[in-house]
Amino acid sequence: MKTKITWCLAIISIMILSACSDSETLKGDTEVQPAVQASTVNYQQKVNQDVKRFREFFASKFPNIELEEFVNGAYAIDAATREQWLEIEEFPPYEIPVEEGQEFFEAPFANGKTYADCFENGGIGIRQNFPYFDEKTNQVITLELAINQCREANGEQPLDYGQGELASISAYMANESRDNVFDIKVNSEAAYKAYMAGKQFFYSKRGQLNFACADCHLKISGSLLRADILSPAIGHPTGMPVYRSNWGELGTIGHRYRECNKNVRAEPLDYQSESYRNLEFYQTVMSNGLVVNGPSSRK
Amino acid sequence: MKKVFYAILFSLFFSSPCFANAQQSIEQAEKNLEKVAKLEFEWSTTAPLIQKAKKALADGNEKIAEALAKEAIAQTEYGFIQAEYASKNWQEGEPK
């Protein structure tokens with residue numbers, strides 16, 4: 001009797017085990033499918049949905065403001081400060097840095113080459129193509145990073161990010177690209193990852209004040225923070241680099257990111273850190289369809 | 001046996017954070033700061049607190065040094081919480 005029971009148990013165990021191994025195979029088959037699907041995901045389409053929601057948010061928050069006006073930051077939404085700004089723009093404070101930027105841009109390196117040799121179309125009218133995701137190096141390339149990469153490729157020392165000569169060169173290149181439309185692509189899984197990392201940074205609260213970029217420049221944009229109107233995030237990168245009166249000089253978007261982080265008592269990251277470049281990538285994608293209007297002036 | 005038990009209890013009691021000295025607190029704050037900085041959630045107020053704690057200790061104000069270092073530790077811990085919260089809930093701020 002005992003032997004029969006043992007045999008029965010053994011047969012049942014074998015049946016169960018084979019059933020399990022069948023289901024494993026089935027599981028494996030079903031798991032292959034999403035992987036195949038992942039390679040055919042239309043990342044640009046996913047991103048475009050984000051852009052649509054982002055625009056809709058600002059359109060409903062500021063119903064009387066045309067989309068193309070958002071390139072002017074807080075001056076798009078406040079008539080009083082806009083008037084003052086328009087007066088400043090009659091003799092723009094970034095005019096001299098742009099002229100200097102042109103001189104730096106055209107000055108040959110020690111090897112005789114110039115910045116024009118590093119960029120398509122000789123570096124003229126290309127600001128709207130930055131930042132972009134470089135599939136070869138698997139990273140976001142900003143205009144400022146590309147300028148320094150150009151220098152290093154030609155045996156020159158990289159310039160300081162943030163302000164000074166680099167910001168002036170960037171301003172000249174932006175000035176030569178005015179009215180060109182941003183259309184930053186997110187075409188691959190790697191590019192989408194960088195985009196999502198930038199997006200996560202934008203919405204993550206940090207610092208002692210526990211503020212995210214989105215808190216000031218999306219949720220409560222248009223409100224007063226002491227005497228300043230919080231600018232809407234849409235169109236932020238279009239006017240970069242920017243001459244800010246409180247800086248008294250021109251600065252890059254990275255300089256502004258660091259300042260924003262300091263304002264919420266978060267330790268700023270390094271210039272051109274991966275996170276800041278991803279953030280710029282995300283922000284610029286959100287401004288797709290808007291024109292280059294940099295350099296600009298702000299309070 | 002009793003002696004061993006009391007010895008363990010005694011050492012546990014005096015090695016607890018309540019009795020950590022200023023130097024240990026400063027070291028702990030620095031370790032935490034390094035970790036929270038890697039997460040990119042460092043507060044700009046923390047490193048100056050550690051510097052002040054070090055100065056206080058150098059000036060012989062151990063109690064003040066310890067209090068400052070503990071405040072720095074607390075700030076890094078808030079940073080960890082922020083990082084953890086952001087990693088799970090950052091989508092909360094997205095337009096719906």
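Definitions and cut-offs
Residues numbered from 1 in each chain as written. Chains lettered and ligands numbered in written order. Predicted model: local features only at pLDDT ≥ 70, side-chain atom pairs only at ≥ 80, totals over all residues. Heavy atoms only, no water. Phe/Tyr/Trp six-rings, centres within 6.5 Å; stacked < 30°, edge-to-face > 60°. Helix = DSSP H or I, 4+ residues; strand = E, 2+ residues; numbered from the N terminus. Buried < 20%, exposed > 50% of the residue type's maximum accessible area, 1.4 Å probe, protein only. Lys NZ or Arg CZ within 6 Å of the ring centre and 35° of its normal. Contact = heavy atoms within 4.5 Å. Buried area = accessible area lost by both parts, 1.4 Å probe. Salt bridge = Lys/Arg side-chain N within 4 Å of Asp/Glu carboxyl O. Polar contact = N/O pair within 3.5 Å; in protein donor to acceptor, adjacent residues only side chain to side chain. Nonpolar A, V, L, I, M, F, W, Y, C, P; charged D, E, K, R; others polar. Disulfide = S-S within 2.5 Å. 1 Å grid on protein atoms, 1.4 Å probe; cavity = no way out; pocket = protein on both sides within 12 Å on 5 of 7 lines; lining within 4 Å. Points joined across faces, edges and corners; volume = space filled by probe spheres on them. Axes fitted to C-alpha atoms, helices over the stretch in contact; angles between N-to-C directions. Parallel < 35°, antiparallel > 145°, perpendicular 65-115°, else oblique. Left-handed = near helix turned anticlockwise from the far one by under 90°. Patch = residues over 30% accessible without salt bridge, like charges linked within 9 Å, V, L, I, M, F, W, Y side chains within 5 Å. Areas by Shrake-Rupley, 256 points an atom, 1.4 Å probe, with all protein chains shown as cover. Lys, Arg positive; Asp, Glu negative; His and termini not counted. Charge placed at Lys NZ, Arg CZ, Asp CG, Glu CD. pLDDT = per-residue confidence, 0-100. Expected span 1.5 Å × (residues − 1). Arc of directions from axis to C-beta.

Caption draft 1: Molecular detail of the packing of aromatic side chains. Applying the stated criterion across every chain, the model contains 23 aromatic pairs over all chains. Each ring, one from Tyr-43 of chain A and one from Tyr-192 of chain A, has its centre 5.0 Å from the other, and the planes form 35°; the classification is tilted. Placement of Tyr-43 of chain A in helix α2 (residues 43–61) and of Tyr-192 of chain A in helix α7 (residues 189–203) is noted, with a sequence separation of 149 residues between them. Both residues of the pair, Tyr-43 of chain A and Tyr-192 of chain A, count as buried. Clustering of aromatic rings is evident, with ring pairs tying together Tyr-43, Phe-54, Phe-57, Phe-58, Phe-62, Phe-70, Tyr-192, Tyr-195, Phe-202, Tyr-203 and Tyr-282 of chain A together with Trp-90 of chain B. Stacked on the ring of Phe-201 of chain A, the Lys or Arg Arg-206 of chain A has its end atom at 3.9 Å from the ring centre. Its guanidinium or amino end placed over the ring of Trp-247 of chain A, Arg-244 of chain A lies 5.7 Å from that ring's centre, counting from NZ or CZ.

Caption draft 2: Examining the interface of chain A and chain B more closely. Taken together, the 21 residues of chain A in the interface contact 15 residues of chain B. Counting the surface lost from both chain A and chain B, the interface buries some 1600 Å², and carbon and sulfur atoms represent 55% of this. It is Tyr-203, Gln-208 and Glu-267 of chain A in chain A that bury the most area against chain B; as a group they hold 31% of the surface buried on that side. Remark: the boundary between chain A and chain B carries 2 salt bridges. For Arg-53 of chain A, the salt bridge identified is with Glu-94 of chain B, shortest N-O distance 3.9 Å. Inspection of the region where chain A meets chain B yields 7 residue pairs in polar contact (both at pLDDT 80 or more). At the level of elements, α2 and α7 of chain A are the ones that each hand at least two residues to the side of chain A that touches chain B. Broken down by element, the residue count for the side of chain A that touches chain B peaks at 5 residues, all from α7 of chain A. A per-class count over the side of chain A that touches chain B returns 8 nonpolar, 6 polar and 7 charged.

Caption draft 3: Structural context of the state of the cysteines. Residue and element names in this part refer to chain A. Under the definition given, this model contains 1 disulfide over all chains. Two residues share a disulfide in this structure: Cys-118 and Cys-150, whose sulfurs sit 2.0 Å from each other. Judged by the sign of its S-S torsion, about 70°, the bond between Cys-118 and Cys-150 is right-handed. Taken together, the residues span a long stretch of sequence, with Cys-118 in the loop between α4 (95–106) and β1 (132–134) and Cys-150 in helix α5 (residues 143–153) at a distance of 32 residues. Relative accessible area serves as the criterion here: at 3%, Cys-150 is assigned to the buried category. Cys-260 provides the cysteine sulfur closest to Cys-216, a residue in no disulfide bond, and the two sulfurs are 7.4 Å apart. Here Cys-260 stays free of any disulfide, with the sulfur of Cys-213 as its closest cysteine sulfur at 6.8 Å.

Caption draft 4: Spatial organisation of the pattern of salt bridges. All names here are of chain A. Across all of its chains, the model carries 16 salt bridges over all chains by this definition. Here Lys-199 makes a salt bridge to Asp-50, at a shortest N to O gap of 2.9 Å. Taken as a pair, Lys-199 in helix α7 and Asp-50 in helix α2 lie far apart in primary sequence, 149 residues in all. Judged by relative accessible area, which is 10%, Asp-50 ranks as buried.

Caption draft 5: A look at the layout of surface pockets. Taken as a whole, the largest pocket spans an internal volume of roughly 1100 Å³. Contributing to the lining of the largest pocket are 42 residues, with His-217, Leu-230, Arg-244, Arg-256 and Asn-263 of chain A lying nearest its centre. For the lining of the largest pocket, the secondary structure elements donating two or more residues are α7, α8 (213–219), β4 (228–229), β5 (242–244), α9 (253–263), α10 (274–286) and β7 (296–298) of chain A. No other element matches the 7 residues that α9 of chain A contributes to the lining of the largest pocket. Looking at the second largest pocket, it is lined by 15 residues, and the ones nearest its centre are Gln-200 and Arg-206 of chain A together with Leu-39, Glu-40 and Phe-41 of chain B. Elements represented by at least two residues in the lining of the second largest pocket include exactly α7 and α10 of chain A together with α4 (62–89) of chain B. If you tally residues by element for the lining of the second largest pocket, the top one is α7 of chain A, at 4 residues. Looking at the lining of the second largest pocket residue by residue, the class counts come to 6 nonpolar, 6 polar and 3 charged.

Caption draft 6: Region of the structure containing the packing of α5 of chain A against helix α6 (residues 165–175) of chain A. All names here are of chain A. Between α5 and α6, whose axes approach to 10 Å, the crossing angle comes to 110°. Between α5 and α6, the angle is such that the two are roughly perpendicular. In terms of crossing hand, the pair formed by α5 and α6 is right-handed. Every residue of α6 that contacts α5 at Leu-143, Glu-144, Ile-147, Asn-148 and Arg-151 is listed here: Glu-165, Leu-166, Ile-169, Ser-170 and Met-173. For the contact of α5 with α6, a count of residues per class yields 5 nonpolar, 2 polar and 3 charged.

Caption draft 7: The arrangement of a negative patch on the surface in detail. Together, Glu-95, Glu-99, Glu-100, Glu-103, Glu-106 and Glu-176 of chain A give the surface a local cluster of negative charge. Considering the arrangement of structural elements, one finds Glu-176 of chain A in the loop between α6 and α7.

Caption draft 8: Layout of the confidence of the model for chain B. Put simply, chain B has an average pLDDT of 88, and 79% of its residues get 70 or more. Segment residues 12–19 of chain B is flagged for pLDDT under 50; beyond a separation of four residues in sequence, or across chains, it makes 5 contacts in the model.

Caption draft 9: A look at helix α2 (residues 22–38) of chain B. All names here are of chain B. In this model α2 runs 24 Å from its N-terminal to its C-terminal C-alpha over 17 residues, within 8% of the 24 Å that 1.5 Å per residue would give. Among all positions in α2, only Ala-22, Ser-25, Ile-26, Ala-29, Asn-32, Leu-33 and Val-36 are buried. For α2, the angular spread of the buried residues around the axis is 130°, confining them to a single face. Residues of α2 that are exposed and angled more than 90 degrees away from the buried face: Lys-31, Glu-34, Lys-35 and Lys-38. Residues of α2 that are buried make contact with α3 (46–58) and α4. After α2 finishes, the residue Glu-40 shows a positive phi value of roughly 65°.

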